[in-house]
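Here's the letter readout for the chains.
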Amino acid sequence: MRLLVRNPTRINTGHINAIAMLTAITESCIENWDLVDEYGIDNDDIACELNTVWCETILSTDIAKSEKVDLEVNFDFWQNEWGSYFDMARAALQQGWDYPPLQQILQGNITSTSLWEGFPPDYAEDLALIRLQILERQQRYE
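Here we summarise the structure given alongside this text. (Residues numbered from 1 in each chain as written. Predicted model: local features only at pLDDT ≥ 70, side-chain atom pairs only at ≥ 80, totals over all residues. Heavy atoms only, no water.)

**A few points about the nonpolar core**
Within the largest apolar cluster, 34 residues are counted, with the highest numbers of intra-cluster contacts made by Trp54, Ile58, Phe75 and Leu127. The biggest single contributor to this core is helix H4 (residues 43-60), with 8 residues. Beyond its immediate stretch of four places on either side in the chain, Leu127 contacts Cys55, Leu59, Met88, Ala91, Ala92, Gln95 and Trp116. (Core = buried A, V, L, I, M, F, W, Y, C linked by side-chain atoms within 4.5 Å. Buried < 20%, exposed > 50% of the residue type's maximum accessible area, 1.4 Å probe, protein only. Helix = DSSP H or I, 4+ residues; strand = E, 2+ residues; numbered from the N terminus. Contact = heavy atoms within 4.5 Å.)

Printed below as a string of structure tokens:
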């Protein structure tokens, strides 16, 4: 798991196969939740790392609208089964790159624009960093 998080390009981000692979990994983690402790890994750490990898994969992949709906359903199911939250991945799925407030910020209009209504969520900085890392990896500096 740590290999996937530290080197997300290993899971072929940018390809729909990455979503199928992450779905299988996430479902396996949920099915084997009780066994994870035997390996000395904290379940919350796994959920956090999966959330991060999901985020990067979502933002690096062209996802059809129907596949977005499927992912939303999966996130709901996984949350109910696992008790872990995929809020950051959900935000990435909902906002993508076309989210109007994000577009304003990317165009340099950052004085009065906010991505969030009210206070930013706890993961806001992490999501921003993931976006910046993707832009850097794609050499999109403008």
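**Regarding helix H8 (residues 124-137)**
Here H8 is 14 residues long and its end C-alpha atoms lie 20 Å apart, about the 20 Å a rise of 1.5 Å per residue gives. Against H4, helix H6 (87-95) and helix H7 (100-106) lie the buried residues of H8. Positioned one or two residues after H8, Gln139 has a phi angle of 55°, which is positive. (Expected span 1.5 Å × (residues − 1).)

**Overview of the packing of aromatic side chains**
For the structure shown, the criterion picks out 6 aromatic pairs. Aromatic pair Trp54 and Phe75: ring centres 5.4 Å apart, planes at 80°, arrangement edge-to-face. Of the two residues, Trp54 is situated in helix H4 and Phe75 in helix H5 (residues 65-82); the sequence distance between them amounts to 21 residues. On the basis of relative accessibility, which here comes to 0%, the residue Phe75 falls in the buried class. Aromatic ring contacts, followed pair by pair, group Trp54, Phe75, Trp78 and Phe86 into a single cluster. Directly above the aromatic system of Trp97 lies the positively charged group of Arg131, at a separation of 5.4 Å from the ring centroid. (Phe/Tyr/Trp six-rings, centres within 6.5 Å; stacked < 30°, edge-to-face > 60°. Lys NZ or Arg CZ within 6 Å of the ring centre and 35° of its normal.)

**With respect to the packing of H4 against H5**
Contact pair H4 / H5: the axes reach a minimum separation of 13 Å and the direction vectors enclose 175°. Classed by the angle they form, the pair H4 and H5 counts as roughly antiparallel. Residues Asn43, Ile46, Ala47, Leu50, Trp54 and Ile58 of H4 lie in contact with H5, whose contacting residues are Leu71, Phe75, Trp78 and Trp82. A per-class count over the contact of H4 with H5 returns 9 nonpolar, 1 polar and no charged. (Axes fitted to C-alpha atoms, helices over the stretch in contact; angles between N-to-C directions. Parallel < 35°, antiparallel > 145°, perpendicular 65-115°, else oblique. Nonpolar A, V, L, I, M, F, W, Y, C, P; charged D, E, K, R; others polar.)

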